[in-house]
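Fold and geometry: a report
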Amino acid sequence: MIPASPEPQGASALLVNARGQYLLHLRDANKPHIWDPGTWSVPGGGLEDGESALQAAERELFEETGLRVPLEPLTVVDAHGPGGTKSRIRVFTGFWEGDADALPCPEGIMFRWFDAATTAYLTMCPWVEQVIEVHRSTAAAIPAVPAAPRRRGDEKGHPNIIGVHLYLQREDGRILLGLRHPDVAFAGRTYHFLAGHCEREGARASLIREAEEEAGLVIRAEDVELVHTVHVLHERGRGRPRLQLVFRARAWSGVPEVREPDKCLEWGWFAPDRLPEPSVPYARTAIEAIVRGQAYSELGWT
């Protein structure tokens with residue numbers, strides 16, 4: 001229940017998409033007197049004279065993203081700012097389906113979509129973590145279709161995230177890897193396949209789309225073959241299991257270029273037996289297995 005008093009001095013908007021992901025905003029780490037510097041947060045700010053909390057949330061959302069989205073009240077949280085400053089923030093939630101990269105972002109660094117499990121790997125604004133937990137518990141309270149009975153000893157179900165990865169190999173045997181940007185949510189400053197998550201599309205179509213978006217490469221569906229699958233459970237079992245599909249492109253057109261500089265710093269070609277350091281562990285596992293002719297591997301499971 002939202003407490004009636006004291007009245008909040010700030011308002012924020014938590015946007016969610018159909019995949020259950022949250023739109024988060026990476027705040028500037030260097031501006032003076034900024035609240036929660038260098039953390040992933042949500043659009044919002046202080047109430048201006050005569051504004052209601054809803055009006056302030058709508059205004060701040062528009063100023064920071066250019067979006068006008070219907071908002072509903074979610075919760076009220078306490079925030080702590082520079083010098084021990086305290087404030088109450090009324091948080092609203094809304095639905096939006098769109099490309100985070102296309103948002104103007106006049107304040108802060110960038111916007112990104114993240115699922116709740118991924119936020120465990122981010123430097124999060126503390127009160128936003130609390131807000132996401134409130135939203136998840138609220139969503140979980142909505143009646144769902146009864147699940148099939150579980151076997152004794154089964155724990156809560158964990159749907160797997162499906163990732164697609166490009167194994168691109170030149171005639172000299174070298175394969176394409178990219179150095180990830182230090183600010184990405186996963187494996188910053190680490191070498192990795194050209195990769196992405198499956199959206200509402202087939203895995204092969206997802207790979208072809210990612211290759212064009214990230215590196216300007218054009219690949220035909222008939223030139224793509226699945227060469228390895230690695231089933232990953234990350235460190236200490238945190239987050240959702242991931243089924244990582246690695247596809248080889250037998251032919252392609254174009255020269256790799258950095259199309260998304262906020263995600264990848266550079267592309268390079270490397271010998272499979274002399275991979276650059278550091279490399280993403282499951283990518284290294286997959287490459288070594290492909291060289292051996294092995295179709296499947298697991299990483300992180302006990």
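Below is a summary of the structure that appears in this document. (Residues numbered from 1 in each chain as written. Predicted model: local features only at pLDDT ≥ 70, side-chain atom pairs only at ≥ 80, totals over all residues. Heavy atoms only, no water.)

**Let's talk about the overall build of the protein chain**
A tally of helices and strands in the protein chain yields four helices and 15 strands. Within the span of the protein chain, comprising 302 residues, buried residues form 46% of the whole. For the protein chain, the share of sequence-separated contacts (at least 6 apart) that also reach a separation of at least 24 residues comes to 69%. Surface exposure of the protein chain reaches about 16,200 Å², of which carbon and sulfur atoms provide 52%. (Helix = DSSP H or I, 4+ residues; strand = E, 2+ residues; numbered from the N terminus. Buried < 20%, exposed > 50% of the residue type's maximum accessible area, 1.4 Å probe, protein only. Contact = heavy atoms within 4.5 Å. Areas by Shrake-Rupley, 256 points an atom, 1.4 Å probe, with all protein chains shown as cover.)

**Some words on the sheet that holds strand β9 (residues 175-180)**
Spatial ordering of the open sheet is given by β10-β9-β14, a layout of three strands whose pairing is antiparallel. Where the open sheet ends on each side, the last strands, each with one partner, are β10 (191-192) and β14 (264-270). Bridge count between β9 and β10: two bridges; the pairing is antiparallel. Its bridge partner lying in β10, Leu 179 is registered against Tyr 191. (Pairing = 2+ DSSP bridges.)

**Side note on the pattern of salt bridges**
In the structure shown here, the tally under the stated rule is 22 salt bridges. In this structure, Lys 263 engages Asp 101 in a salt bridge whose closest nitrogen and oxygen atoms are separated by 3.8 Å. Of this pair, Lys 263 sits in the loop between β13 (242-249) and β14 while Asp 101 sits in the loop between β6 (86-95) and β7 (110-114), and the two are 162 residues apart along the sequence. On the basis of relative accessibility, which here comes to 29%, the residue Lys 263 falls in the partly exposed class. A salt bridge links Arg 284 to Glu 277; the shortest N-O distance between them is 2.9 Å. Here Arg 284 falls in the partly exposed class, since its relative accessible area comes to 22%. Via salt bridges that share partners, Glu 48, Glu 51, Arg 59, Glu 60 and Glu 63 belong to a single interconnected network. (Salt bridge = Lys/Arg side-chain N within 4 Å of Asp/Glu carboxyl O.)

**Remarks on helix α1 (residues 53-65)**
With 13 residues, α1 extends 18 Å between its outermost C-alpha atoms, agreeing within 8% with the 18 Å of an ideal straight helix rising 1.5 Å per residue. All of the buried residues in α1 are Ala 53, Ala 56, Ala 57, Arg 59, Glu 60, Leu 61, Glu 64 and Thr 65. In this structure, the buried residues of α1 make contact with β1 (10-16), β2 (22-26), β4 (44-46), β6 and β7. (Expected span 1.5 Å × (residues − 1).)

**A closer look at the nonpolar core**
In terms of nonpolar packing, the biggest core is built from 22 residues, with Leu 14, Leu 24, Trp 40, Val 91, Trp 127, Val 128 and Ile 132 touching the most fellow members. Here the element with the most residues in this core is helix α2 (residues 126-140); it accounts for four residues. In this structure, Trp 127 is in contact with Ser 12, Asp 36, Ser 41, Val 42, Val 77, Asp 78, Ala 79, Ile 89 and Val 91, ignoring residues within four places of it in sequence. (Core = buried A, V, L, I, M, F, W, Y, C linked by side-chain atoms within 4.5 Å.)

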